[in-house]
Amino acid sequence: MAAAGWSVLDVLGWLILGLIAYALVVWTKLAFANRLMHFAWTRYHAFELRTKADTAEKEPVGLKRFDDSTKRLDRDSFMEVGKLISKERSEVEWEKQRPRWTLDNIERYSLFKSRIP
């Protein structure tokens, strides 16, 4: 004889299955939250250690002076190389014949006209 309705065991089985699924979802949520909190804590801790290390170690004054003098020497040598390059004959000739443009005398193709032979 087949019963038309649900038996007690059917309802109890579905109820247990639903509770197990709910428990798995809650467990998964707690596991991810635990990993996220662990990641946040280690990141915060590393940040605090870096902050303490940065405040503890300060740059010595002598190093900054050395860096400034090195920059000055580099800048001077760069300017000397620039002077050598700009003394080429073609550059000097171009600077003499190059037209000086302003907003009053510039036209649409004037920049190209001066370079076309």
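Cut-offs used in this document
- Residues numbered from 1 in each chain as written.
- Predicted model: local features only at pLDDT ≥ 70, side-chain atom pairs only at ≥ 80, totals over all residues.
- Heavy atoms only, no water.
- Helix = DSSP H or I, 4+ residues; strand = E, 2+ residues; numbered from the N terminus.
- Buried < 20%, exposed > 50% of the residue type's maximum accessible area, 1.4 Å probe, protein only.
- Areas by Shrake-Rupley, 256 points an atom, 1.4 Å probe, with all protein chains shown as cover.
- Patch = residues over 30% accessible without salt bridge, like charges linked within 9 Å, V, L, I, M, F, W, Y side chains within 5 Å.
- Salt bridge = Lys/Arg side-chain N within 4 Å of Asp/Glu carboxyl O.

**Student:** Looking at this structure, I do not really get the overall build of the chain. What am I missing?
**Tutor:** Within the chain one finds four helices and zero strands. Its helices and strands in sequence order give the chain the pattern α-α-α-α, from N to C terminus. Within the span of the chain, comprising 117 residues, buried residues form 1% of the whole. By element, 65% of the accessible surface of the chain is carried by carbon and sulfur atoms, the whole surface being about 11,900 Å².

**Student:** What is the right way to look at a nonpolar patch on the surface in this model?
**Tutor:** On the surface, a cluster of nonpolar side chains totalling about 710 Å² of accessible area is made up of Leu-9, Leu-12, Leu-15, Ile-16, Leu-19, Ile-20 and Leu-24. Along the polypeptide, Leu-24 turns up in helix H1 (residues 8-56).

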